[in-house]
Amino acid sequence: MTVLVVATSNPGKLREMQSYLTDSDWKLQLKPPELEIEETGDTFTANACLKASEVARATGEWTIADDSGLQVDALKGAPGIYSARYGKNDEERIERLLRELGSERNRDAQFVCAIAIASPNGEISLQVEGICQGTILQSPRGTNGFGYDPIFYLPEQQLTFAEMKPEIKRLCSHRGKAFASLLPKLSKLA
Ligand code: IMP
C-alpha cells in the first residue's frame, strides 16, 4: 500500500476521504500538525494544488488536498473561496449569506469541490473538480451535515443537503462528484 498524506489536520476530513477511497490501495495519513499551509490561491483549484504540492514537498509522500465552497450567483460568486471564513461559525455564516441575499429572486448557487494530488516531489499529478447545482432557501431546513447544508436545496431531490441521508448527499454532492472522477485515475497513479 502506498501512503497518501491528506493535506489537513482535521481527522473528520481524513475519515470522509477514507469513505470515498475504501476500495483503493492507498493508505491515508494526516499531515504533520506543525505544517500549516496558507490558502493564498484565488480559485478552489489553485488552493487545492498549493496545499497538495507544499505538503508533498515537506513530507516526501504522495499527497491529496481539497478545497471547496459555495458560490451564489446573485452575490457574484460569494462566499466562494472565503466560504469557511464568512462568519465565526456555521450559524453566523448562514445568517450573513441570507442577509446579503435578502429578497433576491435569483437564488441559484453551486457547491464546488476541487481535489489535487501531488507526487512526492511536489508536482501536481491529478486535479479534478466536482460541481453541484442548487438554490438557496429563505430559511434553514434539516439537521444533518455541516456548513451551509440547511439552506442549500436540490430541486431534483426536493431536499436540502441537511435533509438528505448521508449516503444520498455522498452521491450527489460536489465532493462525491469530484471523487467519482478522481477514483479511476487514482488507481493508475502509483
Ligand atoms: P474547506 O474545508 O477549506 O474546503 O472549507 C470549505 C467550506 O465551505 C466549509 O467550511 C463550509 O463552510 C463550506 N462547504 C464546503 N462543502 C460543504 C458542504 O458539503 N456542505 C456545506 N458547506 C460546505
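Scroll up for the structure.
Thresholds, definitions, all that
- Residues numbered from 1 in each chain as written.
- Predicted model: local features only at pLDDT ≥ 70, side-chain atom pairs only at ≥ 80, totals over all residues.
- Heavy atoms only, no water.
- Salt bridge = Lys/Arg side-chain N within 4 Å of Asp/Glu carboxyl O.
- Helix = DSSP H or I, 4+ residues; strand = E, 2+ residues; numbered from the N terminus.
- Buried < 20%, exposed > 50% of the residue type's maximum accessible area, 1.4 Å probe, protein only.
- Pairing = 2+ DSSP bridges.
- Right-handed = clockwise from strand over helix to strand, strands pointing away.
- Phe/Tyr/Trp six-rings, centres within 6.5 Å; stacked < 30°, edge-to-face > 60°.
- Lys NZ or Arg CZ within 6 Å of the ring centre and 35° of its normal.

## A few points about the pattern of salt bridges
Once their charged atoms are close, side chains differing in charge can pair, the charge on each being opposite to the other.
Part 1 of the reasoning: Applying the stated criterion across every chain yields a total of 10 salt bridges.
Part 2 of the reasoning: Close ionic contact of Lys51 with Glu39 constitutes a salt bridge, the shortest N to O distance being 3.0 Å. Placement of Lys51 in helix α2 (residues 44–59) and of Glu39 in the loop between β2 (26–30) and α2 is noted, with a sequence separation of 12 residues between them.
Part 3 of the reasoning: Using a relative accessible area of 8% as the deciding quantity, one classes Lys51 as buried.
Part 4 of the reasoning: Take Glu39: its relative accessible area is 31%, and that puts it in the partly exposed class.
Part 5 of the reasoning: Between Asp66 and Arg175 there is a salt bridge, with the nearest N and O atoms lying 3.9 Å from each other. Here Asp66 is found in strand β3 (residues 62–72), whereas its partner Arg175 is found in helix α5 (residues 174–186), with 109 residues between them in sequence.

## Looking at the pairing of β2
Part 1 of the reasoning: Taken together, the five bridges between strand β1 (residues 2–6) and β2 define a ladder with parallel strand orientation. Among the inter-strand pairings, Val6 is bridged to a residue of β2, identified as Leu30.
Part 2 of the reasoning: Regarding topology, helix α1 (residues 11–20) serves as the crossover connection from β1 to the parallel β2, and that connection is right-handed.

## A look at the packing of aromatic side chains
Part 1 of the reasoning: Applying the stated rule across the entire model yields five aromatic pairs.
Part 2 of the reasoning: On the numbers, 5.8 Å between centres and 75 degrees between planes, the contact of Trp26 with Trp62 is edge-to-face. Of this pair, Trp26 sits in strand β2 while Trp62 sits in strand β3, and the two are 36 residues apart along the sequence. Assigned by exposure class, Trp26 and Trp62 land together as buried.
Part 3 of the reasoning: Ring pairing ties together the aromatic residues Phe111, Phe152 and Phe161, which thus form one cluster.
Part 4 of the reasoning: Sitting above the plane of the Tyr86 ring, Arg96 keeps its charged end 3.8 Å from the centroid.
Part 5 of the reasoning: Cation over ring: Arg170 sits above Tyr20, and NZ or CZ is 4.7 Å from the ring centre.

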